[in-house]
Amino acid sequence: CADHPLLPMIFSFSFILLGFYIGMNLFVAIALQNFTDVIEEVENSNLSDETLMKFKRIWAKYDTDHNGKIPFVHLVRFLHEIGPPLGFDNTIKVADIPSFLSSLDIHPEGGMIKPQETLA
């Protein structure tokens, strides 16, 4: 190494460059995989554009403050109005409503819920 003082610098630079290249490829691969998973989930969902538009329209009716949240106390009326497949129809028994709501795994913040919680 004493004969060629430039050799350790070349090795160090190439090692850092190769490590950066591998790390960047790993980051891009993870991002693309997550993007692909989301696209597949959307394509495989049984929700039509019409159903989602209906959800948005009815949600806007209950979201009077236009903050993207509705009061938790209006959730049962909202789910009745939205109907299947996102809500429930008139054939559901009143006694079954609490178990249906608990299956949604909704955690209201300040008595308000977000649309993502009802769609999940």
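Here we summarise the structure given alongside this text. Since the model is a prediction, treat every value here as computed from it, not as a measurement.

By the element assignment, Asp63 lies in the loop between helix H2 (49-62) and strand S1 (70-71). We note that Asp63 is buried and unpaired, the nearest opposite charge coming from Lys69 at a distance of 9.5 Å. A polar atom in the side chain of Asp63 sits 3.2 Å from the backbone nitrogen of Asn67. Ignoring sequence-local partners within four residues, the contact set of Asp63 consists of Gly68, Lys69 and Ile70.

For the rest of this paragraph, the subject is the packing of aromatic side chains. Scanning the model with the defined rule gives five aromatic pairs in all. Consider the rings of Tyr62 and Phe78, whose centres lie 5.9 Å apart with planes at 90°: the pair is edge-to-face. Placement of Tyr62 in helix H2 and of Phe78 in helix H3 (residues 75-82) is noted, with a sequence separation of 16 residues between them. A single burial state applies to Tyr62 and to Phe78, both of which are buried.

Core analysis: the largest hydrophobic core is formed by 16 residues, its most contacted members being Leu75, Phe78 and Leu79. Counting only elements with at least two residues in this core, the list comes to H2, H3 and helix H4 (97-103). For Leu79, the residues in contact, after removing those within four places along its chain, are Leu86, Gly87, Phe88, Phe100, Leu101 and Leu104.

Turning our attention to unusual backbone geometry. Peptide bonds are trans in most cases, and residues, glycine excluded, mostly fall at negative phi. One non-glycine residue, His66, lies in positive phi territory at about 55°. Inspection of the secondary structure assignment puts His66 in the loop between H2 and S1.

A few words now on the packing of H2 against H3. Closest axis-to-axis distance for the H2/H3 pair is 10 Å, and the angle between their directions is 150°. On the basis of their axis angle, the class for H2 and H3 is roughly antiparallel. The chirality of how H2 crosses H3 is right-handed. When H2 is examined against H3, the residues Lys54, Phe55, Ile58, Trp59, Lys61 and Tyr62 are found in contact with a partner set consisting of Arg77, Phe78, Glu81 and Ile82.

Reading the values: the criteria
All residue numbers refer to positions counted from 1 along the written sequence of the respective chain. Two thresholds apply to this predicted model, a pLDDT of at least 70 for residue-level local features and 80 or more for giving and counting side-chain atom pairs, whereas whole-chain, interface and lining totals are computed over all residues. Water and hydrogen atoms were dropped before computing side-chain values, which therefore reflect all heavy atoms in the structure. Segments assigned H or I by DSSP are reported as helices when at least four residues long, segments assigned E as strands when at least two residues long, and all are numbered from the N terminus. Here's how the labels work: a residue is buried when its accessible area is under 20% of the maximum for its type, exposed when over 50%, partly exposed in between, all with a 1.4 Å probe on protein chains only. Within this scheme the basic residues Lys and Arg register as positive and the acidic residues Asp and Glu register as negative, but His and the chain ends are omitted. Between Lys or Arg on one side and Asp or Glu on the other, a salt bridge is scored when a side-chain nitrogen of the former is within 4 Å of a carboxyl oxygen of the latter. Two N or O atoms form a polar contact when they lie within 3.5 Å of each other; inside protein one atom must be a possible hydrogen donor and the other a possible acceptor, and for residues adjacent in sequence the pair counts only when both atoms belong to side chains. Any two residues whose heavy atoms approach within 4.5 Å at even a single point are treated as in contact. Pairs were defined over the aromatic rings of Phe, Tyr and Trp, the Trp ring being its six-membered one, requiring ring centres within 6.5 Å. Orientation was assigned from the angle between planes: stacked under 30 degrees, edge-to-face over 60, tilted for the rest. For this analysis, a nonpolar core means a set of buried residues of the types Ala, Val, Leu, Ile, Met, Phe, Trp, Tyr and Cys, connected via side-chain atoms within 4.5 Å. Only C-alpha atoms enter the line fits that serve as axes; for helices the fit covers just the stretch in contact. Angles between N-to-C directions range over 0 to 180 degrees. Geometric relationships in this document are graded by angle, where less than 35 degrees denotes roughly parallel, more than 145 denotes roughly antiparallel, 65 to 115 denotes roughly perpendicular, and other angles denote oblique. Note on convention: the crossing is left-handed when the near helix lies turned anticlockwise from the far helix by less than a right angle, right-handed when the turn is clockwise.

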